[in-house]
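# A look at the structure
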Amino acid sequence: MRYTNYYPSSGMYHVSIPLLMGTRLDVLLFGDDRQALEYVWNDAEAELRRLEKMLNRFDHESEVAKVNADAQFSSVRLSDELWEILLDCRRYYDLTDGYFDITLSDFGKIVFMEETHSILLDKYGLMLDFGGYAKGYALKCVRERFAGAGIERALVNFGNSATLAVGTHPYGDSWPVCFEDPCGRTAPVKIDLRDTSMSVSGNMPSHPEHIVNTKTAEFVRGDRMVAVVSDDPVDAEVLTTAWIASENEREPDWMGKFELRNTYKII
């Protein structure tokens, strides 16, 4: 059940949605005008649901699902936005030495037709999966809407896996969050976020086989968790996925190509 409430004493508007883009979503917005905050959030939520409708491969009516079904047999023209997203994913594929791969196995089998913004999936069974990209892209879009509406303090949290911090907590100089070991081997690490984003990826007892090593096409196994703090939510989301996929215990060399605030690991 979708929950919203406004607390006049603190000027906080709280939104909680049990399932959006595959996980729970919690949002805090701050301001003196409840109606204005509701308007801003309703606009942002509509954008999130639009992106989910486009990028969710499990929704048979989504653009990605239709591309996965049809591009096996003939070229498919993409919407301008999905085309740009796919080009961005190709850039990340190259920058991460192939460890960020939205096909999970063979990105090179995507045939790009630049003039028509079309693609062909030149391998039977190949499909596009934006699970390691979509939430970061969504946070980037939400941040743009908040900025346009003059929101100066906000926290958006996708199930503790992708977080956007705008400004600071009203009673501090940052938004304090924790990076936790799901297996309880180490103490939680406190991380202070301010006008930045954080993404967390890894295996948990409830999801022991969660990310695919794109070189071997096998699930990464073992208890491991990494976090990346970056001003770019998409960088953060992509790099945590690629780091786990690479099965490197230390930060891979190719992460030095990106401007990151910080990185953390529990491996």
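Residues numbered from 1 in each chain as written. Predicted model: local features only at pLDDT ≥ 70, side-chain atom pairs only at ≥ 80, totals over all residues. Heavy atoms only, no water.

## Quick word on the pattern of salt bridges
Condition: Here, a salt bridge means any side-chain nitrogen of Lys or Arg that lies within 4 Å of a carboxyl oxygen of Asp or Glu. Strands are runs of DSSP state E lasting at least two residues, helices are runs of H or I lasting at least four, and both sets are numbered from the N terminus onward. Only protein chains enter the accessibility calculation, which uses a 1.4 Å probe. A residue is then buried if its area is under 20% of the maximum for its type, exposed if over 50%, and partly exposed in between.
According to the stated counting rule, one finds 19 salt bridges in the structure shown. Two residues, Arg34 and Glu38, come together in a salt bridge whose shortest N-O distance is 3.0 Å. One end of the pair, Arg34, and the other, Glu38, are both in helix α1 (residues 34-55), four residues apart, so they sit about a helical turn from each other. Overall, Arg34 belongs to the partly exposed group, its relative accessible area being 34%. You can call Glu38 partly exposed: its relative accessible area is 23%.

## Examining helix α2 (residues 63-70)
Counted only if it meets this: What the arc measures is the spread of directions leading from the helix axis to the C-beta atoms. Contacts are residue-level and defined by heavy atoms, with any inter-residue pair within 4.5 Å sufficient.
For α2, the set of buried residues is Val64, Ala65, Val67 and Asn68. Down the axis, α2 shows its buried residues gathered within 160 degrees of arc, on one side only. Residues of α2 that are buried make contact with α1, β4 (76-77), α3 (80-95) and β6 (118-121).

The quantities given are spatial measurements derived from coordinates; they are silent on function.
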